[in-house]
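Examination of the molecular architecture
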Amino acid sequence: MFTRLLSRNVSFLQISRTKYSKSSYSCKSSLVCKIPNPMLKIPKKTLQLKNHVCQTSRRFSLLLTVIGGMTARRWWLEQTPDMKRRFADAVWAYRQAICKMVAIGLGMIGTFLLYSMELDPQRQLWRLFIFNDQMIEKKADKEVGFFLDVMGQCCLLSVDHPTYKRVAGITSRILYANSKVELIRNRKWHVVVLDNPMVNAFVVANGFIFVFTGMANLANDDQLSIIIGHELAHCILRHINNFNSVMLVFHVLCMLPITALLSIALPFSWALLTISLSQFIFYVGVKLVRHRFHEIEADRVGLELAANACVDVTQGYRFWEIMAILNERPKHFWHVWWMQTHPTDISRAHYLFSLIPEAKELQKLAGC
């Protein structure tokens, strides 16, 4: 995600191993605060798991499944025809018991998943949240601390820098205008501006908003407000939790059974080829699709947050039209839209343009 960072500015935020020592920004609304982000409450009592444990074990479980399938295939090939027939007869004799056990297992998994679903009352969408939000934020705290420590003294703008003040002021304006939103009001936000020409911005699950000077220099105040609203939307919609939850379910219920069957049924070389193909299909058909869905959803919610702050909502699509011109590049296989984590710039421009009437209605309700 990051290129080499170029800067001569002094860091405004010194990071120790466990604590943040200086304020990122403070405003009258106290929405952008000077203390580390507290852990959010788990919004619902669920059987939530530790995110980092599941993430690190996913590839390991896939490897174990391949090894187990290959071992089972070798064992089966070593059996005599008589032993194979006896084994098949035993499976057929206990087929009802086997089916009941599989049904009970799937029923328990289904019950757990239903218990982990939450209804978004505004969107009327059911969302899956398996992981513990506190663990996700705790991991994010460590990642942010490590990242800022690596940046050292070279790449972070001082709180006195005009660009930093501009970005922090825009962020505070959006937060204050949307302070009625519980997940905005109850979270403590931090602004970090990186001195880098890359046109980029991103948010971390613990409420740290990173904006590159390349983005700040390219976008006007209204466009930057919509971009920051987009990043805030990722947080308040808990996209990281939802994405990891969906990926875990597909991994356990789809990829592991498919991998096991292919490892047992096919020779080693063919098994590896088909497993790799299935992984590619999973990556393109599930993972990238989910990424793009979250980006589109964040575009919509981000525009609504910006509209509540009375910004010019017509600037959103204009920004992405500019980005479409800047990002023009030769067409290669890996540059096609379905191989990207984000929608194309021009499609985002068209989508934001279609949302302008709705955003203006929100502005009327907000008294803009």
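Everything below is about the structure printed above this text.
Computed from a predicted structure; not experimentally measured. (Residues numbered from 1 in each chain as written. Predicted model: local features only at pLDDT ≥ 70, side-chain atom pairs only at ≥ 80, totals over all residues. Heavy atoms only, no water.)

Let's talk about the packing of aromatic side chains
Given two aromatic rings, their pairing is described by the distance between the two centres and the angle made by the two planes. Under the criterion given, the structure shown has 11 aromatic pairs. Ring geometry for Phe147 against Phe202: centres 6.4 Å apart, planes inclined by 75°, an arrangement best described as edge-to-face. On the criterion of sequence distance, the pair formed by Phe147 in helix α4 (residues 133–151) and Phe202 in strand β4 (residues 201–203) is long-range, its members being 55 residues apart. Neither residue differs from the other here; Phe147 and Phe202 are each classed as buried. Note on Phe202 and Phe210: the rings are 4.7 Å apart at their centroids and 5° apart in plane angle, and the pair reads as stacked. Residue Phe202 is classed as buried on the basis of its relative accessible area, which comes to 12%. On the accessibility criterion, Phe210 (0% relative accessible area) is buried. The structure contains a cluster of three or more aromatic residues connected by ring pairs, namely Phe147, Phe202, Phe208, Phe210 and Phe212. In this arrangement the basic side chain of Arg95 is found over the ring face of Trp92, its NZ or CZ atom lying 4.0 Å from the centre. (Phe/Tyr/Trp six-rings, centres within 6.5 Å; stacked < 30°, edge-to-face > 60°. Helix = DSSP H or I, 4+ residues; strand = E, 2+ residues; numbered from the N terminus. Buried < 20%, exposed > 50% of the residue type's maximum accessible area, 1.4 Å probe, protein only. Lys NZ or Arg CZ within 6 Å of the ring centre and 35° of its normal.)

Comments concerning the state of the cysteines
Here the structure, examined in full by the defined rule, presents one disulfide. Disulfide pairing places Cys310 opposite Cys368 at an S-S distance of 1.9 Å. One disulfide, between Cys310 and Cys368, carries an S-S torsion of -80° and so falls in the left-handed class. With Cys310 in the loop between α10 (268–308) and α11 (315–326) and Cys368 in the segment after α13 (356–365), this pair connects stretches of sequence that are 58 residues apart. When its relative accessible area of 49% is taken as the criterion, Cys368 is described as partly exposed. (Disulfide = S-S within 2.5 Å.)

What about helix α5 (residues 162–177)?
End to end, α5 covers 22 Å across 16 residues, agreeing with the expected 22 Å (1.5 Å per residue, within 8%). Those residues of α5 that fall on the buried side of the exposure criterion are Thr163, Tyr164, Val167, Ala168, Ile170, Thr171, Ser172, Ile174 and Leu175. Here the buried face of α5 lies against α6 (182–185), β3 (190–194), β5 (208–212), α7 (213–218), α8 (221–236) and α10. (Expected span 1.5 Å × (residues − 1). Contact = heavy atoms within 4.5 Å.)

A short note on the sheet that holds β4
Reading across the sheet, the three strands line up as β3-β5-β4 and stay open at both edges, with mixed pairing between neighbours. Edge positions in the sheet fall to β3 and β4, since each of these pairs with one other strand and no more. Averaged over all adjacent pairs, the angle separating strand axes in this sheet is 15°, with direction ignored. Taken together, the five bridges between β3 and β5 define a ladder with parallel strand orientation. Looking at β5, one finds that His190 is bridged to Phe208. This element, α4, spans β3 and β5 of the sheet and lies at about 35° to β5. Relative to the sheet, α8 contacts β4 and β5, its axis offset from that of β4 by approximately 25°. (Pairing = 2+ DSSP bridges. Axes fitted to C-alpha atoms, helices over the stretch in contact; angles between N-to-C directions.)

Section: the packing of α8 against α11
The contact between α8 and α11 brings their axes to 9 Å, and the two run at 90°. Compared by their axis directions, α8 and α11 come out roughly perpendicular. Contact residues: α8 offers Asp222, Gln223, Ile226 and Ile227, while α11 offers Gln315, Gly316, Arg318, Phe319, Trp320 and Ile322. Considered class by class, the residues forming the contact of α8 with α11 number five nonpolar, three polar and two charged. (Parallel < 35°, antiparallel > 145°, perpendicular 65-115°, else oblique. Nonpolar A, V, L, I, M, F, W, Y, C, P; charged D, E, K, R; others polar.)

Overview of the environment of Leu305
Among the secondary structure elements, Leu305 is positioned in helix α10. Assessed through its relative accessible area of 4%, Leu305 is described here as buried. Leu305 sits 73 residues away from Leu232 along the chain, and the two C-alpha atoms are 8.5 Å apart. Filtering out sequence-adjacent residues up to four positions away, Leu305 remains in contact with Ile174, Asn178, Ile184, Gly229, Leu232, Ala233 and Ile236.

Observations concerning a nonpolar patch on the surface
Together, Trp75, Trp76, Leu77, Phe87, Val91, Tyr94, Ile98, Val102, Leu106, Ile109, Val252 and Leu253 give the surface a local cluster of nonpolar side chains, amounting to about 1,100 Å² of exposed area. Of all the secondary structure elements, the ones that give two or more residues to the nonpolar patch are α1 (51–78), α2 (81–93), α3 (95–115) and α9 (239–265). With four residues, α3 is the single largest residue contributor to the nonpolar patch. Take Val91: its relative accessible area is 36%, and that puts it in the partly exposed class. (Patch = residues over 30% accessible without salt bridge, like charges linked within 9 Å, V, L, I, M, F, W, Y side chains within 5 Å. Areas by Shrake-Rupley, 256 points an atom, 1.4 Å probe, with all protein chains shown as cover. Salt bridge = Lys/Arg side-chain N within 4 Å of Asp/Glu carboxyl O.)

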